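Report on the structure
In case you want the letters, here they are:
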Amino acid sequence: MKSDKADFATRVVQWQQTQGRNDLPWQNTRDPYRVWLSEIMLQQTQVATVKDYFARFLDTFPDVAALAAGSQDAVLGLWSGLGYYSRARNLHRCAQQVVQVHGGAFPQDAETLSSLPGIGPSTAAAIASLCFSERVAILDANVKRVVTRVQGFDADVAVAANARALWAAASALLPTPAHAAKDMARYTQGMMDLGAMVCTPKKPLCNVCPVAGACAARKAGDPERYPVRSRKLKRSSQALWLLWAQSESGAVWLARRPIPGVWGGLYCLPLFDSEDALRQTLTPQAQQQLVCEPAFTHVLTHKDLHLHACRVPLKETTQLGEGRWVSALEWPGLGLPAPVRKLLERT
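Read on for an overview of the structure. (Residues numbered from 1 in each chain as written. Predicted model: local features only at pLDDT ≥ 70, side-chain atom pairs only at ≥ 80, totals over all residues. Heavy atoms only, no water.)

**Regarding the overall build of the chain**
- The number of helices and strands found in the chain is 16 helices and eight strands.
- Seen through its principal axes, the chain has C-alpha atoms that stretch 80 × 45 × 35 Å.
- Split into buried and exposed, the 347 residues of the chain put 46% on the buried side.
- Nonlocal contacts in the chain, meaning residues at least 24 apart in sequence, comprise 66% of its contacts between residues at least 6 apart.
- Carbon and sulfur atoms make up 51% of the accessible area of the chain, which amounts to about 16,900 Å² in all.
- Considering the chain, the positive charge centre built from 38 side chains and the negative charge centre built from 29 side chains are found 6 Å apart. (Helix = DSSP H or I, 4+ residues; strand = E, 2+ residues; numbered from the N terminus. Buried < 20%, exposed > 50% of the residue type's maximum accessible area, 1.4 Å probe, protein only. Contact = heavy atoms within 4.5 Å. Areas by Shrake-Rupley, 256 points an atom, 1.4 Å probe, with all protein chains shown as cover. Lys, Arg positive; Asp, Glu negative; His and termini not counted. Charge placed at Lys NZ, Arg CZ, Asp CG, Glu CD.)

See below:
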């Protein structure tokens, strides 16, 4: 076991070079802007989804200075559909801070990086190790699974003290200081790849794992038991009615959603908890023209939204409280929730 653990990092590095993912659009670069952008986009989002967003984002904002100079609406517009929109708001704030405080250059150590908006300890470590070869461990969901299984770490990772202990366990597996400059980038990528491709949540491919000999969970025969987490978020559901007011010219009434809250910071059709509440915002004549479509479900990570779109033709002189009329040429470039964008694209 001791010898297996001693060459753990070497095995990960060698496996990544020959078997890992090496053709993703944000790989084969030490540009911290691209690495940072990909790391933020990949939080809670699958690689296949991120690829197109990553390319479109770089087309508009090719570097951190361009992003810092852009408007939040433009950022949210490009982010529309990726979800977790606080990531986009923090992305914009972070770019501005990098330009204003750090002269447009990303800090090269994880500690300083983690002080920037939206960059947590694992993301900071990913940037520092992938771009600057800092000897520091990451702990995203995939790597957390690998580390808990390899180390047989059976403490509840939802407990803060145990989470700190897991960082120490992950750090114990890093390449030696003598090899850090050469191996850290590939090691970090290799740990992410192992979790995504081999050490999967269900039915891990232990027979092809390059570090199977060092894995305590495999030896015990129960790798799916890890990581141990007691507190789990429960799914919930919510019904919402959307007031889809549209003028003859194709303009729609949109209001910016409050922060915090669902779709915070995005432009949205006005939301109501009931059809009656929605109707009360309209004149009796407008109510007669209101048509509510069958409900459809939009799935968030921990909540199902049952959405009812209610259409009504109105003149652009009509005011519906907070918000404004947005022309058919303008709204496609705004940050809109994915289901609202799909609704409006039908017209």
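That shown, we press on.
**Focus on the packing of helix α3 (residues 32-41) against helix α7 (residues 86-102)**
- Look at α3 against α7: their axes get within 10 Å of each other, and the N-to-C directions meet at 160°. By the criterion of interaxial angle, the relationship of α3 to α7 is roughly antiparallel. Pair α3 / α7 crosses with right-handed handedness. Here α3 contributes W36, L37, I40 and M41 to the contact with α7, which in turn contributes R87, L91, C94 and A95.
- In terms of residue class, the contact of α3 with α7 is built from seven nonpolar, no polar and one charged. (Axes fitted to C-alpha atoms, helices over the stretch in contact; angles between N-to-C directions. Parallel < 35°, antiparallel > 145°, perpendicular 65-115°, else oblique. Left-handed = near helix turned anticlockwise from the far one by under 90°. Nonpolar A, V, L, I, M, F, W, Y, C, P; charged D, E, K, R; others polar.)

**Notes on the state of the cysteines**
- The full count for this structure, using the stated rule, is one disulfide.
- Bridging C292 to C310, the disulfide has an S-S length of 2.1 Å. The disulfide joining C292 to C310 has a torsion of about 105° about its S-S bond and is therefore right-handed. In this pair, C292 is assigned in strand β5 (residues 291-292) and C310 in strand β7 (residues 303-313), connecting sequence segments 18 residues apart.
- Considering cysteine sulfurs only, C94 is the nearest to C131, which forms no disulfide, with 13 Å between them.
- On the basis of relative accessible area, C131 is assigned to the buried category, the value being 7%.
- There is no disulfide at C268, and the cysteine sulfur nearest it, in C310, is 13 Å away. (Disulfide = S-S within 2.5 Å.)

**Concerning the environment of P339**
- If you trace the backbone, P339 turns up in helix α16 (residues 338-345).
- Excluding residues within four positions of it along the chain, P339 makes contact with W263, F296, H298 and L307.

**A look at the pattern of salt bridges**
- Taken as a whole and assessed by the stated rule, the structure comprises 10 salt bridges.
- In this structure, D304 and R235 form a salt bridge, with 2.5 Å as the shortest nitrogen-oxygen distance. Here D304, found in strand β7, pairs with R235, found in the loop between α13 (216-220) and β1 (236-246); they are 69 residues apart in sequence, far enough to count as distant.
- Classification of D304 by relative accessible area gives partly exposed; the value is 22%.
- Overall, the relative accessible area of 45% leaves R235 in the partly exposed class. (Salt bridge = Lys/Arg side-chain N within 4 Å of Asp/Glu carboxyl O.)

**Looking at the nonpolar core**
- Core analysis: the largest hydrophobic core is formed by 97 residues, its most contacted members being W36, F57 and Y187.
- Counting 15 residues, the second largest nonpolar core, distinct from the first, contains F272, L278, L314 and W325. (Core = buried A, V, L, I, M, F, W, Y, C linked by side-chain atoms within 4.5 Å.)

**Examining the side chain of D193**
- Residue position: D193 is located in helix α12 (residues 177-197).
- Taking the relative accessible area as the measure of exposure, D193 reaches 0% and is therefore buried.
- With residues near it in sequence (within four places) discarded, D193 still touches W15, Q16, G20, R21 and V198.

**Re the side chain of D156**
- Residue position: D156 is located in the loop between α10 (141-151) and α11 (160-171).
- Polar contacts involving the side chain of D156 include one to the side chain of S230, which spans 2.3 Å.
- In contact with D156, other than residues within four places in its own chain, are N162, V228, R229 and S230. (Polar contact = N/O pair within 3.5 Å; in protein donor to acceptor, adjacent residues only side chain to side chain.)

Structural measurements only, silent on function.
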